Amino acid sequence: MIAVSTPIAKKIPKQLEIHGDVRVDDYYWLNNRENPEVISYLKQENEYYQAKTAHTKEFQENLFQEMKARIKEDDSSVPYKRNGYWYITRYETGKEYPIYSRKKEVLEAEEEIMFNVNLMAEEHEYYSLNGISISPDNTLASFGTDTIARRQYVIQIKNLATGELFEDKIDNTTGGSIWANDNKTFFYTKKDPVTLRSNKIYKHVLGTSSEDDELVFHETDETFNTYVYKTKSKKYIIIGSNSTLTSEYRILSADDPNGTFAIFSPRTRGLEYSIYHFGKDFYVLTNKDGATNFKLMKTSENATSSENWKEYLAHREDVLLEDIEIFKEYLVISERDNGLNKMKITRWDGKASYYLPFTSETYVAFPYVNLDYDTETLRYLYNSMTAPYSIIDFDMRTKEKTVLKQLEVLGGQFKEENYRSERLWATARDGAKIPISLVYHKNTKLDGSSPLLQYAYGSYGATIDPNFSSARLSLLDRGFIYAIAHIRGGEYLGRPWYENGKLLNKKNTFTDFIDCSKHLIEQKYTSSDHLYAWGGSAGGLLIGAVVNMAPELYHGVIAAVPFVDVVTTMLDDSIPLTTGEYDEWGNPNEKAYYDYMLSYSPYDNVKAQAYPNMYVSTGLHDSQVQYWEPAKWVAKLRELKTDQNLLYLNTNMDAGHGGASGRFEALRETAKEYAFILDLAGKEHL
């Protein structure tokens, strides 16, 4: 390795006091991206990282090319039909960005290119296009673009017949918009310019200035976000407002864009619901009346408040009702039973009811793009940790299935039968059984000598499913075992699994991960000399807490865009997303939550001890986790850690939370992460 001096951040003590408790933050000054000294420090860290990993540069490039070579460059999506057009997303060889196109009525028709994002992105380091919305008469498309990576999109309108862009631009939006049925009015969501909270719904009419757009809804509760969409029936425009614990909707006939939105059912703290329109009724997926795992209710479109809801599918203690898909003759129910996806198909007339058959123990299956009401075909996606995803059309009447597409893994090396997947159950310290999904090459030794990368997220009820990854093959083919720990804080085992890993139960998330690691070691899948941990964002908080609590278990860890300065961030309601997080982490303005949060916050609990080898990444423009959190954390680790292990901070000076915007450039970050642990594991030469 190249000899280079370790970056040392200067210390400027700042006292932070609340509830009579004083914390001294020596690195608070890093919270100012406009300060040249901050940029200088981040660049020093980058230079240090580059110098210390110079010996892996060629390996990183080889990994990148290896992963890229598995991807079909001239790939295209399975076409779906909507309102008389087939819509297709495709890629061209050597190009980073998608091309969005359509064909009228039949797939043999001439291709009409709506957006070639490769051309649109030419002048930008970062470019994201989202929210393409086609007017009901198929002539106009509204869309959003972000060139900074702060997820603040500019909405524009394109005439699809002429290719002309309208002059009007609407800034600081979520990117998406919803057309009313008059083909000239659409609704969109604006963000608070400081906190980036989605808080206002506006109405825009073609031919008028966006400065004159009418504010139709303002979400004033800082713990809520708002958004707008159209029902599958195309009859209603819906404004949704959600916090972690509470939902509320407003509805308006899509034929009457100048009308007034009516509240579907007023918000009640702790009551969550989502709505689906069919015929003259709404179906309501809700946790009403203590239905922790949710139930399905039904109500007339003319009497929508909660006292009118009638039970349609009862709540079950052991099965999570996740979603429904409505067709003219069928209802498809998506469930999660013991961690596994299930899809139940029922005819409205009651003549048939059955589950799609799945046999593997680590599969993932869920409905895909199903825009058409009047069809007997359910389109769904299926994959497992050993099998690339397939998009399948299933005839709900005949039960025949047609595989429309299976992801191609190029290069001629991948064979599904060369890999094994399984599910283990670790016992947590409080007796809970924690599922772990594993995948490895069939030749990998299971005697404790193999390297293992353990991944988890564990927040917001987000379920990390055991999906296939072609990039992951670069680890598996070099003898790594890959494990997903389905820890509390996610929803893998239902809503109670989430409830037991949030707020004042948050430490279960961290101890579950540690107990899974111990189980994997005890069962001889790996050893502490060969165990690696990886998490990002809130999963980076997990990694930060774990290395404070049990650093001896891991040889190396990866913390991507980690949320590690929990207390200070949650006390600063000017930071994007903070107020909406109170129901997840607690509000530290209340002493009980402050004390609990302070007891696990990774930054606040760094201490003089040996830490594993660590690779930490962030983005200067990250809107989700501000760059200064990992920067401060690394600075404090450098000051206090007692070991000589590696510690790297790599800041992308151009990108935000999601990293690079191109489909291949994003693999370069994966190559850096993989190179870090493969180098530590002595697998760089393979």
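The rules behind each value
Residues numbered from 1 in each chain as written. Predicted model: local features only at pLDDT ≥ 70, side-chain atom pairs only at ≥ 80, totals over all residues. Heavy atoms only, no water. Helix = DSSP H or I, 4+ residues; strand = E, 2+ residues; numbered from the N terminus. Rg over C-alpha atoms; globule rule 2.2 N^0.38 Å. Contact = heavy atoms within 4.5 Å. Polar contact = N/O pair within 3.5 Å; in protein donor to acceptor, adjacent residues only side chain to side chain. Pairing = 2+ DSSP bridges. Axes fitted to C-alpha atoms, helices over the stretch in contact; angles between N-to-C directions. Salt bridge = Lys/Arg side-chain N within 4 Å of Asp/Glu carboxyl O. Buried < 20%, exposed > 50% of the residue type's maximum accessible area, 1.4 Å probe, protein only. Parallel < 35°, antiparallel > 145°, perpendicular 65-115°, else oblique. Left-handed = near helix turned anticlockwise from the far one by under 90°. Nonpolar A, V, L, I, M, F, W, Y, C, P; charged D, E, K, R; others polar. 1 Å grid on protein atoms, 1.4 Å probe; cavity = no way out; pocket = protein on both sides within 12 Å on 5 of 7 lines; lining within 4 Å. Points joined across faces, edges and corners; volume = space filled by probe spheres on them.

Draft legend 1. Expanded view of the overall build of the protein chain. The number of helices and strands found in the protein chain is 12 helices and 37 strands. Its C-alpha atoms give the protein chain a radius of gyration of 25 Å, near enough to 26 Å, the size a compact globule of 686 residues would have. On the principal axes, the C-alpha backbone points of the protein chain span a range of 65 × 55 × 50 Å. In the protein chain, the share of contacts with a sequence separation of at least 24, taken over all contacts with a separation of at least 6, comes to 56%.

Draft legend 2. Fine view of the side chain of Ser-210. Within the element layout of this structure, Ser-210 appears in the loop between strand 12 (198–205) and strand 13 (214–218). Side-chain polar atoms of Ser-210 contact the backbone oxygen of Lys-169, separated by 3.5 Å. In this structure, Ser-210 is in contact with Asp-168, Lys-169, Ile-170, Tyr-188 and His-204, ignoring residues within four places of it in sequence.

Draft legend 3. Quick look at the sheet that holds strand 20 (residues 295–300). Pairing is antiparallel across the open sheet formed by 4 strands, whose spatial order is 18-19-20-21. A strand with exactly one partner marks an edge of an open sheet, and here the two such strands are strand 18 (273–278) and strand 21 (310–313). Adjacent strand axes in the sheet meet at a mean angle of 35° when their direction is disregarded. Pairing of strand 19 (residues 281–286) with strand 20 involves 6 bridges; the strand directions are antiparallel. Paired with Thr-286 across the bridge in strand 20 is Lys-295.

Draft legend 4. Examining the pattern of salt bridges more closely. For the structure on display, the rule yields 48 salt bridges. A salt bridge links Asp-25 to Lys-632; its shortest N-O distance comes to 2.7 Å. One end of the pair, Asp-25, is in strand 2 (residues 21–25); the other, Lys-632, is in helix 11 (residues 628–640), with 607 residues separating them in the sequence. Grouping residues by exposure puts Asp-25 and Lys-632 together as buried. Note that Arg-478 is salt-bridged to Glu-66, the shortest N-O span being 2.9 Å. Here the residue Arg-478 occupies a position in the loop between helix 4 (473–476) and strand 33 (481–485), and Glu-66 occupies one in helix 2 (residues 57–69), the gap between them amounting to 412 residues. Through salt bridges that share partners, Glu-272, Glu-491, Arg-495, Glu-499 and Lys-502 make up one connected network.

Draft legend 5. Geometry of the packing of helix 2 against helix 12 (residues 665–680). As a packed pair, helix 2 and helix 12 sit with axes 8 Å apart at the nearest point and diverge in direction by 125°. Considered as vectors, helix 2 and helix 12 are oriented oblique to each other. You can see that helix 2 and helix 12 cross each other, and the crossing is right-handed. Each of Phe-59, Gln-60, Glu-61, Leu-63, Phe-64, Met-67 and Lys-68 in helix 2 lies in contact with helix 12, whose residues at this interface are Leu-667, Arg-668, Thr-670, Ala-671, Lys-672, Tyr-674, Ala-675 and Leu-678. Residues of the contact of helix 2 with helix 12, tallied by class, amount to 9 nonpolar, 2 polar and 4 charged.

Draft legend 6. Representation of empty space enclosed by the protein. In total, this model carries 2 cavities of 30 Å³ or more according to the counting rule given. Considering only enclosed or pocket space, the largest cavity measures out at about 90 Å³ in volume. Surrounding the largest cavity, 15 residues form its lining, Thr-53, Thr-56, Tyr-648, Phe-676 and Asp-679 being those nearest its centre. Listing elements by their share of the lining of the largest cavity, those giving two or more residues are helix 1 (36–52) and helix 12. If you tally residues by element for the lining of the largest cavity, the top one is helix 12, at 5 residues. The residue inventory of the lining of the largest cavity, partitioned by class, reads 8 nonpolar, 4 polar and 3 charged. Roughly 60 Å³ of volume is contained in the second largest cavity. Together, Tyr-457, Gly-458, Ala-462, Thr-463, Ile-464, Ala-485, His-486, Ile-487, Gly-490, Glu-491 and Tyr-492 line the second largest cavity. Residue composition of the lining of the second largest cavity, grouped by class: 6 nonpolar, 4 polar and 1 charged.

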